[in-house]
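Residues per chain, in single letters:
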Amino acid sequence: MACARVPLDEQQVTEPGPLGKEHTLPALHPARKEERCFVPYKSPPEDGSPAEVEEFLEHAKFITEDLEWLLGLPHDKFWCQVVFDESLQRCLDSYLHQAPRGLDLSSLPSSPAMADMQRSIHRAVFLTFLRMATHKESKENFITPTVFGEIIYDNFLFDIPKILDLCVLFGKGNSQLLHKMIENIFTQQPSYYSDLDETVPTVLQVFDTILSKCGLQCEGAAAMEPMKLNAHKQPTAMTMNQQELVDTVLYLCDSTTTIHAFLDIFPAACTSFHAHSFLSRLTSFYETAVPDLEKAVRKRNFDDKSLQEDLWKRLSHSCRKMVETTHLLLNHTCLQPILEGGENTLSFAEELLQHFTSFLPEKRFLSDYDEQFPIADDVSLLQQALPVIDETRTSYLLQGVESAWDSVGRQRPQSHIHQKSVAAHQGAAGAAAASSSAGFKPQKVPEQGGRESPLGAEAMLEVPRKGNNGAVCPVSEAELESLLSCIRDLLPDLGEGFLLACLQEYNYNSELVINNILEDRLAPNLDKLDRAMPRPVKEELPDVLSVRSNVFDDDEFDIFRRDQIDMSRIWKGRRKGESAREMLNDKQHIAEQKARYQSYETVVDEIVIAPGESAEAYDLDDYDDEYDDTYDMNQVGANDLDGDSLLNRRPFTVPQVLRKGTKQEEEEEEEEEEPIPNNVNRDQFVQDPALLRERAEARRAAMQHRKGYRPERPGNVVGQPKGQGQTTETFLDRRKKEANKSRVSNHNRRSMADRKRNKGMIPS
C-alpha cells in the first residue's frame, strides 16, 4: 500500500501481476482502474407513462449506486477511476447537460418516487464533483497542489462550461461550498483565468445571436459589426414562428441565469467580465431586445395559454437576472473597493459615475435597475465616502433617472421618495429594511377589458395566491409568527387580526407593511378595518374518527368503539406457545364432529309398517328404488296379437358379436392401434420401451406410405475425397447449407443488433 505523508502523485504501490509475480506501479496508473461502466443520465419524463417512469427509476438507480460506490473508494482508487475512466466523465457531463434547471417544468417530477430519486442523483453528483475539486482530504491523503492543477486541467475534469453548469445547478443552498471549490480550482490552476477571458467573448456572442434571431442589432459602440444589407429580411419576434420564439426565450433565460449564478458564487470572475465591456453590451442588449420580446409574448396568439404564461415568466426572470448581474459587476468592481478604502478610491468612484451616466440613454433598463437597486442610494453612499464628488454631476445623474421614469410612462415607486421619513420613524435598521423593501415591482400596462398586467423584470415571479379569502398562505406558521412579532415590536397598538390582513394584502412583506402604515398609504380595503381587530379564532377541524365509515365498524376488533378487546385472539406471526406436535395432538375437532355423525350410526334395512298406518308416520316416502317399473306404461296382454308378444314390443336384433361380413372398412386419419398379441400378458404393468418404439415407427411408416409421403433425403456436404469428383446431390446440399447457414449459430448478429437499436430496445 501507499506510504503515509507522501503525496499521491509520488506514491508507489506493489501489486500482483497477471502471472502472480509482484511488480511496482505508480499509485495513479491506468492498470489500477476498476472495470465499471457508468451509464449516462437521462432527464425525467414529463407526465410520462408508467413504463417511462419505471425506466427512469431503474436508470437513475444504476447511476446512484455507481456514484455511491465511487465515493466509497479510497483516495488512490478514487483518483485512478476519475482520471482514467471515460465512462464516468460521460456520466457526469450528461447530468450537467440534461439535468432540469430551476424553472423547467420537468424539475417537478410527477411522482414522489421520481422526486426522491432525482434528489439522490443530484446529491451524489455534487459530492463527486466536490471530492474531485479537493486536493487534500487528510494529512495522509493528498496530492501536490501543482500536480493537482495539472491533473484536472490536462484531463478536462473541470472547464469553464462545467463550472458554469455547476453554479446554476448546485448554487442554491450550496453557495459557500461551491465558492470554496471553484476558488481552489482557480488557485491551483491559474490557466483557468485565461480560459475565462477567452470564454467571455463567447458569452457576448449569445446576445448577438438572440438579436439576429429577432432581426435587431445593438446601436452605438456596443455593436461589434455593421448591420448586414439583408438584415431587414430576417423575421422579427412578432413574425417568427412560435417554436423559434419559444427557443429564443428559453435560450435567453438559461444564459442569463447561468451567468448570474456564476458571478454570484465566484465574484473574482467579475474582473474578467468587466474587462470585456460586458456592462455596456448587456445594457444595450436589454434596451434593444427586451421590449420586442415582451411585445411578442404579450400580443401573439397562443393556442396554449399555459405556454404563454411560462414564456412570460421566463422572460421576466431573465430581465431580473440581467439587472442583478449588472449590480453584481458594479458592486464588486467599483463599490467594494470604495467601501474598503484602498488606493485609487477616486478612480473607482469616477468609473462608477461613468457607468451610471452611460445608462442614461437606456431608458427602459435604467428604470428597471433603479426600481430594484435605487441609484440614489449609491450616490448617497458615494457622497458620504467621498465628499469631494461633484454635486452638479450627481444631481444631473438623478435628474436623468427621473427623466427615464417619465419617458417609459411609468410611475416611480413612492418608497424611493419617502425613505428619509421611514428612517426617521424606524432608525438606521428600519431605513435599511425600507431600502430593501423598495424592491423590483412589476410594471403594469392595461390589457383588454381594462385589466392590468405586470411588466418588467419582476413580473410573474411572485407566488400566486389562490382566491381572495386568505385560505392559502405562502409562509409557514413559524414564519408568520415571526413577521407578526417583528411588526408588533414597532407598532404595539395594532391588533394581530389587522396586521394579518395587511400582510396578506402585501404578500407577507413586513417591511412594506410597516412603511405603508407609517406613511398612512394603506389600501382602501385596509383603511376600513378596525386597527385593534383581534386575531380570528382558528376553526377546529372535525374529528376524522367521528365521520369515518369502514366495513369493519363494530366488529370484535374495532378499538375505536370498543373499550375491551380480547387480546388473546390477536398475535403477530405464529402463535406463541404453539408447536406442530401440540396442533396435531389437539383432537377437539373430533368431538365437535361426533354429534353430527351419531345420526348415521344406526342403519335399518327394513321397517315394518303396521296395518292402518302410513309411511309418513315413520318419516318415509313412497319411493322404492328397487321397484321394477319396466312394464308400468304397457298394457301387457290386453292388445297383443298372436305370436311372440316380446317381439311386438321390442324387435329382435342380432348381437354385434354374432354378426358376420359387416367389418367396418373406414380408415381414420389418426394412427390405429394394433391389437396386442395373444402371447402378451394383458396384466403387464410396463411394456418394453424398445418394442413400443418399433411399433410406433412401423405405424408411422405405414401411415406415410398410405398418404404418399416421401421422406427427405439426408444431406451430404462432405462428399468424396478431393480429386475424385462430387455428385449432383453433394453440390445441391452445399448450396443449401451456404444459403441457410445464417439461420443458426452466431451469424447475422450485426444486422439483428441494428434492428434492436432502431426499435429502441438498446440505449445508444
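Structural notes, computed from the coordinates. It should be emphasised that the depicted structure is a prediction, and the values quoted were computed from it without experimental measurement.

1. What to know about the overall build of the chain
Then, number 1: Broken down by element type, the chain carries 29 helices and four strands.
Then, number 2: Split into buried and exposed, the 764 residues of the chain put 34% on the buried side.
Then, number 3: Expressed as a percentage of contacts within the chain between residues at least 6 apart in sequence, the contacts between residues at least 24 apart total 65%.
Then, number 4: In the structure as shown, the chain presents an accessible area of about 50,700 Å², 51% of it carried by carbon and sulfur atoms.

2. Points about helix α27 (residues 689-707)
Then, number 1: Across its 19 residues, α27 extends 27 Å between first and last C-alpha, which sits within 8% of the 27 Å expected from 1.5 Å per residue.
Then, number 2: Of the residues flanking the end of α27, it is G708, one or two places downstream, whose phi is positive at about 75 degrees.

3. So, helix α3 (residues 86-98)
Then, number 1: For α3, which comprises 13 residues, the first-to-last C-alpha distance of 18 Å matches the rise-based estimate of 18 Å (1.5 Å per residue) to within 8%.
Then, number 2: In this fold, the buried residues of α3 make contact with α1 (50-71), α2 (75-84), α4 (112-132) and α6 (160-170).

4. Notes on the packing of helix α9 (residues 242-265) against helix α12 (residues 305-340)
Then, number 1: Two numbers describe how α9 lies on α12: the axes approach to 8 Å, and their chain directions differ by 30 degrees. On the basis of their axis angle, the class for α9 and α12 is roughly parallel. By crossing handedness, the relation of α9 to α12 is classed as left-handed. The segment α9 lies against α12, with Q242, V246, V249, L250, L252, C253, T256, T257, I259, H260, L263 and D264 engaging L307, L311, R314, L315, H317, S318, K321, M322, E324, T325, L328 and L329.
Then, number 2: Looking at the contact of α9 with α12 residue by residue, the classes come out as 13 nonpolar, seven polar and four charged.

5. Observations concerning a negative patch on the surface
Then, number 1: On the surface, E52, E54, E55 and E58 cluster together to form a negatively charged patch.
Then, number 2: In this structure, E54 sits in helix α1.
Then, number 3: On the basis of relative accessibility, which here comes to 57%, the residue E54 falls in the exposed class.

6. Here we look at the pattern of salt bridges
Then, number 1: Using the criterion set out here, one finds 24 salt bridges in the structure.
Then, number 2: R32 is the partner of E15 in a salt bridge, and the nearest nitrogen-oxygen pair spans 2.9 Å. Of this pair, E15 sits in strand β1 (residues 12-16) while R32 sits in the loop between β2 (22-26) and α1, and the two are 17 residues apart along the sequence.
Then, number 3: A residue is classified by how much of its surface remains accessible, and R32, at 4% relative accessible area, is buried.
Then, number 4: Taking the shortest distance from any N to any O, the salt bridge between K321 and E324 comes out at 3.5 Å. Within this pair, K321 and its partner E324 are both found in helix α12, separated by three residues, close to a single helical turn.
Then, number 5: Linked by salt bridges that have partners in common, E481, R488, E496 and R535 make up one network.

7. A few points about the nonpolar core
Then, number 1: Judged by nonpolar contacts, the single largest core of 118 residues is most densely connected at W79, F158, F262 and F273.
Then, number 2: Sorting elements by how many residues they give to this core places α12 first, with 12 residues.
Then, number 3: Residue contacts for F262: discarding those within four places in its chain leaves I163, L164, C167, L196, A269 and F273.
Then, number 4: Formed by 21 residues, the second largest nonpolar core is a distinct cluster that contains L503, Y508, L512 and I514.

8. A few points about the environment of L328
Then, number 1: Inspection of the secondary structure assignment puts L328 in helix α12.
Then, number 2: Relative accessible area serves as the criterion here: at 11%, L328 is assigned to the buried category.
Then, number 3: Through-space distance from the C-alpha of L328 to that of C270 is 7.8 Å; in sequence the pair is 58 residues apart.
Then, number 4: Beyond its immediate stretch of four places on either side in the chain, L328 contacts H260, L263, D264 and C270.

Thresholds applied
Residues numbered from 1 in each chain as written. Predicted model: local features only at pLDDT ≥ 70, side-chain atom pairs only at ≥ 80, totals over all residues. Heavy atoms only, no water. Helix = DSSP H or I, 4+ residues; strand = E, 2+ residues; numbered from the N terminus. Buried < 20%, exposed > 50% of the residue type's maximum accessible area, 1.4 Å probe, protein only. Contact = heavy atoms within 4.5 Å. Areas by Shrake-Rupley, 256 points an atom, 1.4 Å probe, with all protein chains shown as cover. Expected span 1.5 Å × (residues − 1). Axes fitted to C-alpha atoms, helices over the stretch in contact; angles between N-to-C directions. Parallel < 35°, antiparallel > 145°, perpendicular 65-115°, else oblique. Left-handed = near helix turned anticlockwise from the far one by under 90°. Nonpolar A, V, L, I, M, F, W, Y, C, P; charged D, E, K, R; others polar. Patch = residues over 30% accessible without salt bridge, like charges linked within 9 Å, V, L, I, M, F, W, Y side chains within 5 Å. Salt bridge = Lys/Arg side-chain N within 4 Å of Asp/Glu carboxyl O. Lys, Arg positive; Asp, Glu negative; His and termini not counted. Charge placed at Lys NZ, Arg CZ, Asp CG, Glu CD. Core = buried A, V, L, I, M, F, W, Y, C linked by side-chain atoms within 4.5 Å.

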